[in-house]
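These are the residues of each chain, in order.
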Amino acid sequence: MWYKAGRFILKYRLGLLLILLAATGFMGWKASQVQLSYDFTRALPTDNPKYQDYQAFLKRFGGDGNTMVIGLNTEHYFTIDFFNKVGELHTQLKKIPGVTDILSIPEVMNLQNDSVNHRLLTKRIFHYPYTSQASLDSDRAVFENLPFYRDLCYNPQTHSYIMGVTVDKDTINSKSRTRLINDILKEVEVFEKQTNLTVHNSGLPFIRTTIGNRIKNEMSRFLIGSLVLLVITLLIFFRSVSATFMSLLVVSMGVVWSLGTVVLLGYKITLLTALIPPLVVVIGIPNCIYFLNKYHTAYRDVPDKEKALITMVGRMGIVTLFCNIAAAIGFAVFALTHSDLLKEFGAVAGINIMALFLISLVFIPAVLSYLPPPKEKHTRYLNNKILEKLLLKIEKWAFHHAKWVYGIAALVTVLSVLGIFRIKSEGFIVDDLPKNDKIYTDLKWFETNFGGVMPLEIEVDTKKKKGLFRNSKPITKIEEFSAYIAANPATAKPLSFVEFLKFARQSYFDGDSMSYTVPNEADLVFMAPYIQVKADTAAAKKGITRLLNSFMDSSRQMARISVNMKDVGSAQLPILLKDFEQKANELFDTASYHVTFTGSSISFLEGSGFIIKGLKESIFWAFLLITLCMLYLFRSFRILVCSLIPNLIPLLVTAGVMGWVGIALKPSTVLIFSVALGIAIDVTIRFLVNYKQELPHYNNQVAQTLVQTIRHTGISIIYTSLVLIAGFIIFCLSDFGGTKALGWLTSLTLVVGTITNLVLLPVLILSTSARKKGA
């Protein structure tokens, strides 16, 4: 069948190349329309309760995590020159398109009791630019008499000050987000130069945008860098510009097809699908090397180009098909999960790995048929003396030191299993950043001075309309709960409508700071006209009522408690939430109240856990499906068992090393196992198919067949591993721990997979064939 396919490709080579190039042109046109996705909640399925809670919260209160924070330390904040510069920064930031609101000290408001009209009026405290220090000091005294702003805008103990810049949620979730954040940072840099102070930037919009851009730029650089290294390595091995350029065209077409597929399926590029182009390179390069290696071997045996090309397709077609099927299964199973993020990744990766097989099968023999036959220098690598000595040593170990091979394999396996028990499953929102990175150090500055910036939202449902104001109990309970949260070292001072009521009470009693307390029922009766304004009136859009409305729903049934917290990680966050939930259950009886914990931090925790669980399940199903595929291919349970062991060991070693060196299991590292499985299976299939093909030529003599398989397939396996290591090792230069781990752990997997398949696999075949001559 495959020899016929080879003749067909050569006979209709021009037409097939034109069809392939036309299809690639169409895919390139589609790829030019690819867009980036900025939706960070798609890791969760739509029927997930946490996802539904978060969407309900967004619909009810508008959103969270849309504030970028700017902080600084100084003892000269309330001097004329410095304060005026802060005010100017506020003014310039307000002009930036996409900035919707700013909370900063120069623009803070006080509440004034209008006893005639029974309302609270908002009035600016500061009136910059100042020319008199006495005027600034006078306004400062008014400001510092308002407990509401303490720990919200400033920390008096550390002389730290903060500015909150709220950005439009549609802008920050679009491609304009980079422009928006850069515009903000540009004004901050001007302020830094004017004041000679270090300014700290943080908040989810800033962190997500900056890290997302870094990853995107890094992946582009590393993809190009890995391709350059691959080209250099291929040139060194094959000594042929045409063969190297052809291989580069194969993987380039694969990359174009993968991006085109994203658009055709109606998807956008996510942080997961952005990994597909490098994966296409990983799968495509072995295709090229094995095809070229077989072509050169066949041509050396029979110096007829056409016969060599037909032999190449006939011998390597089935091998490459099943290698690509195994790799495609490894990623396509993600499409079976309930997460849109994983589904899209699985579908695009699975389709394009199979498309890559078709590209390789058609393009390589067709192009080689137009090129001149390989010269002696192009096949010189087949007689590499160093590799020949290495392969002879491998033969010696396989045939004469089987006990040592089993012993070393057992020892490595035991050590790996012990390491697996040390793996921790933990992720952080600022995951993988070096501890000296400014994003990380700035985040820690905010955690030290203001308790953190990661949003946690708590909804308290009284189950009755106007239930929040029927009596003072809900208010008292929310205040007690807020005090409990504030006392936790992992969280900042919570903000709820109760804080605004305390602010209003202080203003009602003529600004006495001792009156900044929770209103009792008598206070609520007197204050009712001041705070109870219908949500759809003009008065509701300003003053204290606007602030109240942002923390209550229109029916006054539900209240929102907003908490900023530290980036405690996915391991500690459930413990923290459980503690808060227990306290909530003590305060709010379930018959009268329903308390819901949601927000970006909860979505992150749930999403990370869901991705890790989905990837674990997918790896299991991938291994099972690949096992069935290999059983069908080899039709031998004995060969199947022999093939699985050399593939399990590299996975165990990878996981064990992660445990021993302290690399946590998280979305950025779980994907390593899928890549590792695909690489190890690829080597095994190529070795065993070659073994099965050679077996009849050596009268079913297992030992002689293994010698020939090691010598012929071993060269291409080692070359492929070296080329892929060159492609992956560049990722070790990344600033991100996950990308760095992908580079060196995958390289480690390549080394271990090559050793187990060239040394352990022959030993297993020999041992299990001891009682039989055939396989």
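Residues numbered from 1 in each chain as written. Predicted model: local features only at pLDDT ≥ 70, side-chain atom pairs only at ≥ 80, totals over all residues. Heavy atoms only, no water.

Our next topic: the overall build of the chain. A tally of regular secondary structure across the chain gives 25 helices and 10 strands. Each of the three principal axes of the chain carries a C-alpha extent, and together these read 110 × 50 × 45 Å. Within the chain, the fraction of its 775 residues that count as buried is 57%. (Helix = DSSP H or I, 4+ residues; strand = E, 2+ residues; numbered from the N terminus. Buried < 20%, exposed > 50% of the residue type's maximum accessible area, 1.4 Å probe, protein only.)

Attention shifts here to the packing of aromatic side chains. With the rule as written, the count across this model stands at 37 aromatic pairs. Residues Phe 26 and Trp 29 carry aromatic rings whose centres are separated by 5.9 Å and whose planes lie at 50 degrees to one another, so their mutual orientation is tilted. Here Phe 26 pairs with Trp 29, and both are found in helix 2 (residues 13-31), just three residues apart, close to one helical turn. Judged by its relative accessible area of 41%, Phe 26 falls in the partly exposed class. Considering the side-chain rings of Trp 445 and Phe 450, the 6.0 Å spacing of their centres and the 50 degrees angle between planes classify their relative orientation as tilted. Using a relative accessible area of 10% as the deciding quantity, one classes Trp 445 as buried. Of the residues examined, Phe 450 reaches a relative accessible area of 8% and is grouped as buried. Above the plane of the ring of Tyr 370 lies Arg 13, whose end atom (NZ or CZ) is 4.1 Å from the centre. Positioned above the aromatic ring of Tyr 440 is the side chain of Lys 435, whose terminal nitrogen or guanidinium carbon lies 5.2 Å from the ring centre. (Phe/Tyr/Trp six-rings, centres within 6.5 Å; stacked < 30°, edge-to-face > 60°. Lys NZ or Arg CZ within 6 Å of the ring centre and 35° of its normal.)

Since the α-helix packs 3.6 residues into each turn, any two residues three or four apart lie on the same face. Taking 1.5 Å of rise per residue, 35 residues should cover 51 Å, and helix 21 (residues 600-634) covers 49 Å from first to last C-alpha, within 8% of that figure. Positive backbone phi, at 55 degrees, marks Arg 635, one or two positions downstream of helix 21. (Expected span 1.5 Å × (residues − 1).)

The buried fraction of strand 6 (residues 160-167) amounts to seven of the eight residues, a majority that puts the element mostly inside the structure. By the bridge criterion, seven bridges tie strand 1 (residues 67-73) to strand 6 in an arrangement that is antiparallel. Note on strand 6: the bridge partner recorded for Met 68 is Val 165. Where strand 2 (residues 99-103) lies against strand 6, four bridges are found, and the strand directions are antiparallel. When the bridges of strand 6 are listed, Asp 101 appears paired with Thr 166. As paired strands, strand 5 (residues 154-155) and strand 6 are joined by two bridges and run antiparallel to one another. Residue pairing for strand 6: Asn 155 is matched across the bridge by Ser 160. The turn linking strand 5 back onto strand 6 is made up of four residues, and His 159 within it adopts a positive phi angle of 55 degrees. (Pairing = 2+ DSSP bridges.)

Further remarks concern unusual backbone geometry. Generally, phi is negative for residues other than glycine and the peptide bonds are trans, each holding for most cases. For the bond from Tyr 128 to Pro 129, the omega torsion is 0 degrees, close enough to zero to count as cis. Looking at the secondary structure, you find Pro 129 in the loop between strand 4 (119-124) and helix 5 (133-144). Backbone geometry places Arg 556, a non-glycine residue, at a positive phi of 60 degrees. Relative to the elements of secondary structure, Arg 556 occurs in the loop between helix 19 (543-549) and strand 9 (558-565).

Our focus in this paragraph is helix 25 (residues 737-768). Remark: the principal bend of helix 25, roughly 35 degrees, maps to Asn 757. Most of helix 25 is tucked away: 23 of the 32 residues are buried. (Bend = angle between axes of the 7 residues up to and from the residue.)

This next bit is on the sheet that holds strand 8 (residues 454-461). Here we have three strands laid out as an open sheet, ordered 9-8-10, and antiparallel in their pairing. Only two strands of the sheet have a single neighbouring strand rather than two, namely strand 9 and strand 10 (594-598). On average, each strand axis in the sheet is inclined to that of its neighbour by 20 degrees, with strand direction left out of account. Relative to strand 9, strand 8 runs antiparallel, the two sharing eight bridges. Residue pairing for strand 9: Asp 461 is matched across the bridge by Met 558. The sheet contacts of helix 16 (residues 473-486) involve strand 8, strand 9 and strand 10, and relative to strand 9 the element is tilted by about 10 degrees. (Axes fitted to C-alpha atoms, helices over the stretch in contact; angles between N-to-C directions. Contact = heavy atoms within 4.5 Å.)

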